[in-house]
Amino acid sequence: MSSPLSGKLIIDLSHRLPGPLAGKLLAGSGARVIKIEDKKFKDPFIQGLFAEMDNSFPIWYKHLNKDKEVLRFDFSDKEECKKIQELCLSADGIIMAIPTKLQLKLGVDIESLKSANRPIAIINPKASKDKSQSMHDLNALALTGLLTLHAQTHHKQDLAPPFLPIAGINFGQKMAFDLLATMLKSKEDNTVVSNNSYLFESTQEVFSSFWPEELRDQNLFLHNGLYPCYNIYQTKDSNYVVMACVEEKFWVEFCEAFCLSYTVDQRFETDGKIHSQLVDFFSKLSEEEVKEKLGNRDICIDVLHHTN
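Each chain has its residues counted from 1, following the order in which its sequence is written. Local features are withheld for residues below a pLDDT of 70 in this predicted model, meaning they are given only at 70 or higher, and side-chain atom pairs are given and counted only at 80 or more; totals for whole chains, interfaces and linings count all residues. Heavy atoms throughout the structure, all of them, feed into the side-chain values; hydrogens and water do not.

Enquirer: Summarise the overall build of the protein chain; cite the residues concerned and give the values.
Expert: The helix count covers DSSP runs of H or I at least four residues long, the strand count covers runs of E at least two residues long, and both are numbered beginning at the N terminus. Of the regular secondary structure elements, the protein chain holds 13 helices and 9 strands. Against the 2.2 N^0.38 benchmark of 19 Å for 308 residues, the protein chain shows a C-alpha radius of gyration of 25 Å, more extended than a compact globule. Summarising its shape, the C-alpha atoms of the protein chain cover approximately 75 × 40 × 40 Å along the three principal directions. Exposure classes here rest on a 1.4 Å probe applied to the protein chains alone. A residue is buried below 20% of its type maximum, exposed above 50%, and partly exposed in between. When each of the 308 residues of the protein chain is scored for burial, the buried share is 41%. In this description, contact between two residues means that some pair of their heavy atoms is separated by no more than 4.5 Å. Long-range pairs, those at least 24 residues apart, make up 70% of the contacts in the protein chain between residues at least 6 apart in sequence. Where accessible areas are quoted, they stem from the Shrake-Rupley method and a 1.4 Å probe; at the residue level, only the protein chains shown are allowed to cover. On the protein chain, roughly 17200 Å² of surface is accessible, and the fraction owed to carbon and sulfur atoms is 52%. Side chains of the protein chain carry 35 positive and 42 negative charges; the gap between the two charge centres is 8 Å. Between the two quantities, the radius of gyration covers C-alpha atoms and the globule rule is 2.2 Å times the number of residues to the power 0.38. His is not counted, nor are the chain ends; Lys and Arg add positive charge and Asp and Glu add negative charge. By convention, charge coordinates are those of NZ in Lys, CZ in Arg, CG in Asp, or CD in Glu.

Enquirer: Describe the packing of aromatic side chains, listing the residues and the values that go with them.
Expert: Side-chain rings of Phe, Tyr and Trp, where Trp is taken by its six-membered ring, are said to pair if the distance between their centres is within 6.5 Å; with planes under 30 degrees apart they count as stacked, over 60 as edge-to-face, and otherwise as tilted. Going through the model one piece at a time under the given rule, you end up with 15 aromatic pairs. Look at phenylalanine 258 and phenylalanine 282: their rings are 5.6 Å apart centre to centre, the planes differ by 75°, and that puts the pair in the edge-to-face class. Placement of the pair is phenylalanine 258 in the loop between helix H11 (248-257) and helix H12 (273-282) and phenylalanine 282 in helix H12, with a sequence separation of 24 residues. Ring-pair connections join several aromatic residues into one group, and the members of that group are Tyr233, Trp251, Phe254, Phe258, Tyr262, Phe281 and Phe282. A cation over an aromatic ring shows up here: lysine 131 above the ring of phenylalanine 200, its NZ or CZ 5.0 Å from the ring centre. Ring-over charges, as used throughout, are those where CZ of Arg or NZ of Lys falls within 6 Å of the ring centre and within 35 degrees of the ring normal.

Structure representation (structure tokens):
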């Protein structure tokens with residue numbers, strides 16, 4: 001079966017994380033994605049503040065954009081601007097993460113694109129429909145109330161952010177989805193259609209179902225450590241046993257593999273007793289000893305090797 005977006009051209013006029021991730025996902029579905037950058041400024045992940053403060057950003061840039069064509073133009077040169085406009089006029093979809101003033105300068109504003117007399121979909125990434133403040137991933141998590149889940153389950157004065165920018169990653173996925181929906185609409189109407197995609201609202205839309213108001217009076221549930229059968233335990237050599245033995249058959253086989261005498265009901269104990277016993281139990285085993293006991297059993301237990 002051919003790739004579903006084969007033959008489609010997406011122009012990626014974005015930078016940093018969400019827009020480039022959207023472009024990466026569309027490229028993964030077969031679209032030809034061209035990322036356009038200013039020769040002078042490039043993407044902040046490889047030039048400027050972000051690239052200078054943290055070397056993870058250039059690596060992220062490489063992985064987010066490796067399946068695209070990256071073209072750099074002089075945005076101050078009129079002939080170069082015409083080339084950018086020509087690419088956008090031939091596109092099926094555009095990730096439009098540049099200011100209106102620059103859109104006008106490059107000739108890729110919505111009125112200029114309508115001169116193509118063909119369907120073109122545009123998605124504009126925005127912070128929020130209603131909230132006027134500037135916003136990063138962490139702000140979106142806080143404003144939606146989702147960050148309280150992280151705070152409640154990490155009782156430290158020096159609380160660090162979640163392990164990845166999950167709101168920004170979700171936003172990139174939502175942006176790709178929104179662009180595809182807009183492409184359908186532009187094709188149906190045979191014209192240029194522009195829609196917005198929002199960081200705050202996409203965070204709320206996707207994640208609030210998993211941390212709704214009616215759950216927020218309880219700190220723990222299955223997926224953040226309430227039960228001993230679904231948890232993470234450290235070994236004596238500072239590696240981790242990742243256990244997800246929710247189903248009875250997995251718990252029973254786990255107990256058999258490690259010669260433990262727990263009942264099937266004890267996998268759901270919430271008083272912390274079984275959890276504490278397992279913390280102590282695994283702290284006396286090495287990674288290799290755990291692997292040896294597991295053998296070839298397929299019971300939703302893995303060993304995470306801690307590289308640092």
